[in-house]
Amino acid sequence: IKAELMGGFAASRILDVQGPKMIARRFDGQIESRLHYKDVLIALDMAKALGLRLPASALAASILGKLQDAGGAHKDSAAVFSIVEAESQDHHGGH
């Protein structure tokens, strides 16, 4: 899937860097998710003060928050994959 995405408009530096971590499920902290979570919350607060909505950032904050709750504060932000994967399996009956 990563190769397919990298060949199209979804190609990005972040996918290039984080994709292999997600595939290997290696989430040792390089940029700890707690810092990413803090930053996205700051952005959401600033947007709210300006009367703006950032739905994609709100979704990111929700997933990062679940990662924090699951003990992933010191894991790399790529660990959000584990939350998305678990929710996908829960939604589809574990398949």
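Quantities reported herein were computed from a predicted structural model and do not represent experimental measurements.

1. Remarks on helix H3 (residues 33-49)
- For H3, with 17 residues, the first-to-last C-alpha span of 24 Å sits near the 24 Å given by 1.5 Å per residue.
- Every buried residue belonging to H3 is among Ser33, Val40 and Ala47, and all of these are buried. The arc that holds every buried residue of H3, seen down its axis, measures 50°, which confines them to one face. Opposite the buried face of H3, by more than 90 degrees, sit the exposed residues Asp45, Met46 and Ala49.
- On its buried side, H3 packs onto helix H4 (55-69).
- Backbone geometry just downstream of H3 places Gly51 in the positive-phi region, at approximately 75°.

2. Brief notes about the side chain of Ser33
- Its place among the elements puts Ser33 in helix H3.
- Of the residues examined, Ser33 reaches a relative accessible area of 0% and is grouped as buried.
- A polar contact is formed between the side chain of Ser33 and the side chain of Gln68, at a distance of 3.0 Å.
- With near-sequence residues (within four places) excluded, Ser33 lies in contact with Leu64, Leu67, Gln68, Gly72, Ala73, Lys75, Asp76 and Ser77.

Definitions and limits used
Residues numbered from 1 in each chain as written. Predicted model: local features only at pLDDT ≥ 70, side-chain atom pairs only at ≥ 80, totals over all residues. Heavy atoms only, no water. Helix = DSSP H or I, 4+ residues; strand = E, 2+ residues; numbered from the N terminus. Expected span 1.5 Å × (residues − 1). Buried < 20%, exposed > 50% of the residue type's maximum accessible area, 1.4 Å probe, protein only. Arc of directions from axis to C-beta. Contact = heavy atoms within 4.5 Å. Polar contact = N/O pair within 3.5 Å; in protein donor to acceptor, adjacent residues only side chain to side chain.

In short, shape yes, function no, at least from these values alone.
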